[in-house]
Amino acid sequence: MSESPSMEAPGGHGVMSPPVVVPPPFPAARSAHDPIEPASPWLSIWTRPRATMRLILDTDPRRGVLRLAAAGGIAEFLTLATRQGLGDTYSIPVLLALALAGGAVVGILGITLFTAVVSLAGRWLGGRGRRVEVMAALAWANVPGIWSLLLWLPRAALLGGETFHPLPASIQGNPQALLFYGLLRILQVLIGLWGFAISLKCLGEAHAFSAWRALGALILAAFIVIVPIGLVVLAVQSLG
């Protein structure tokens, strides 16, 4: 009976081990802090806010900060103007002019002042963010609100001259128009809620702590601003 051939090492020195087959490496799972495309922060901040914020802070934290603050101020002005019923008093051109001028200026001044307060509050809670980093976080947190400006286009097409009215009368008794109007309102609310969550994650990344601690920093910053104003109001009322 013939024997099966053995695998001998060259020169007849023992048996050669079989070759070891190394399986191809599997791609590592992506983490929230993996690099992202630098040209996509307007999109990536919706789903990966911390990673997007980290990329911005590591490359150019001053990138577009004032433009974002101005655009965010415009979006906030239009929302507040509608909520306060200014559309019942002022025409659409006047409100748009006020939003473009006043809203932009208030947005820039507001982020400048609020950055100082949030930076201080964050350091009290153990944060390490510099002012330029905190300002970048607050500015880029405006992105969802800026995107929501697009919702004013279908709102204007539906309501016309009542675009900035809190309770437009032109759609009363029209079920289809009321449904469409309600969907627009729901979208605005959802974008606002998710935008607030994004702001907490961005601020947390800037201060190198959790989003929950970022919430605490915002609450503390609000107290720092509100308490002195309340004391001044009480003092004025007491003198009167």
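You'll find the structure just up there.
Just so it is clear, the model here is predicted, and its values are computed rather than measured.

About the criteria used
Every residue gets a number counted from 1 within its own chain, in the order that chain's sequence is written. Confidence filtering applies because this is a predicted model: local features only for residues at pLDDT of at least 70, side-chain atom pairs given and counted only at 80 or more, and all residues used for totals across whole chains, interfaces and linings. With hydrogens and water set aside, each side-chain value is computed from the structure's full complement of heavy atoms. The numbering of helices and of strands both runs from the N terminus, where a helix is a DSSP run of H or I of at least 4 residues and a strand a run of E of at least 2. Note on classification: 1.4 Å probe, protein chains only; a residue is buried when its accessible area is under 20% of the maximum for its type, exposed when over 50%, partly exposed between these limits. Each accessible area is a Shrake-Rupley result for a 1.4 Å probe, and residues are judged covered by the shown protein chains and nothing else. All axes are obtained by fitting lines to C-alpha atoms, using only the stretch in contact for helices, and the reported angles, taken between N-to-C directions, cover 0 to 180 degrees. For this classification, under 35 degrees means roughly parallel, over 145 means roughly antiparallel, 65 to 115 means roughly perpendicular, and everything else is oblique. Should the near helix be turned anticlockwise from the far one by less than a right angle, the crossing is termed left-handed; should it be turned clockwise, right-handed. Residue contacts follow a heavy-atom distance rule, with two residues in contact if any of their heavy atoms lie within 4.5 Å. Put simply, Ala, Val, Leu, Ile, Met, Phe, Trp, Tyr, Cys and Pro go in the nonpolar bin, Asp, Glu, Lys and Arg in the charged bin, and everything else, Gly too, in the polar bin. To obtain the arc, one takes the directions from the helix axis to the C-beta atoms. Residues grouped as a nonpolar core are buried Ala, Val, Leu, Ile, Met, Phe, Trp, Tyr and Cys residues, joined through side-chain atoms within 4.5 Å. Patch construction takes residues with relative accessible area above 30% that form no salt bridge. Like charges are linked within 9 Å, and nonpolar side chains (Val, Leu, Ile, Met, Phe, Trp, Tyr) are linked within 5 Å. One speaks of a salt bridge when a side-chain nitrogen belonging to Lys or Arg is within 4 Å of a carboxyl oxygen belonging to Asp or Glu.

(A) Molecular detail of the overall build of the protein chain. Of regular secondary structure, the protein chain possesses nine helices and zero strands. Among the 240 residues that make up the protein chain, the fraction classed as buried is 35%. For the protein chain, the exposed area adds up to about 14800 Å²; of that, 70% sits on carbon and sulfur atoms.

(B) Highlighting the packing of helix α4 (residues 92-124) against helix α5 (residues 131-140). At a minimum axis distance of 9 Å, the contact between α4 and α5 shows a crossing angle of 120 degrees. Between α4 and α5, the crossing angle belongs to the class labelled oblique. In the crossing of α4 with α5, the sense of the turn from one axis to the other is right-handed. Within the contact between the two elements, α4 uses I111, T112, F114, T115, A116, V118 and S119 and α5 uses R131, V134, M135, L138 and A139. Classifying every residue of the contact of α4 with α5 gives eight nonpolar, three polar and one charged.

(C) Geometry of helix α7 (residues 152-159). Within α7 the residues assigned to the buried category are W152, R155 and L159. Relative to the axis of α7, the buried residues are bounded by an arc of 60 degrees and lie together on one face. Facing away from the buried side of α7 by over 90 degrees, the exposed positions are L153 and A157. The inward-facing, buried residues of α7 abut α3 (65-83) and α8 (175-207). Downstream of α7 by one or two residues, G160 has phi in the positive range, about 65 degrees.

(D) Spotlight on unusual backbone geometry. The phi torsion at A208 lies on the positive side, around 60 degrees, for a residue other than glycine. Looking at the secondary structure, you find A208 in the loop between α8 and α9 (211-239).

(E) Here's a closer look at the nonpolar core. Membership of the largest hydrophobic core comes to 31 residues, with the highest contact counts inside it found for I45, M53, L68, V118, W140, C202 and L203. Elements supplying a minimum of two residues to this core: α2 (49-59), α3, α4, α5, α6 (143-147), α8 and α9. The element best represented in this core is α5, accounting for six residues. Beyond its immediate stretch of four places on either side in the chain, L68 contacts W42, R63, A139, W140, N142, V143 and I146.

(F) Structural view of a nonpolar patch on the surface. A contiguous nonpolar patch, built from L179, L183, I186, L187, V189, L190 and L193 and spanning about 680 Å² of accessible area, is present on the exposed surface. Relative to the helices and strands, L187 resides in helix α8.

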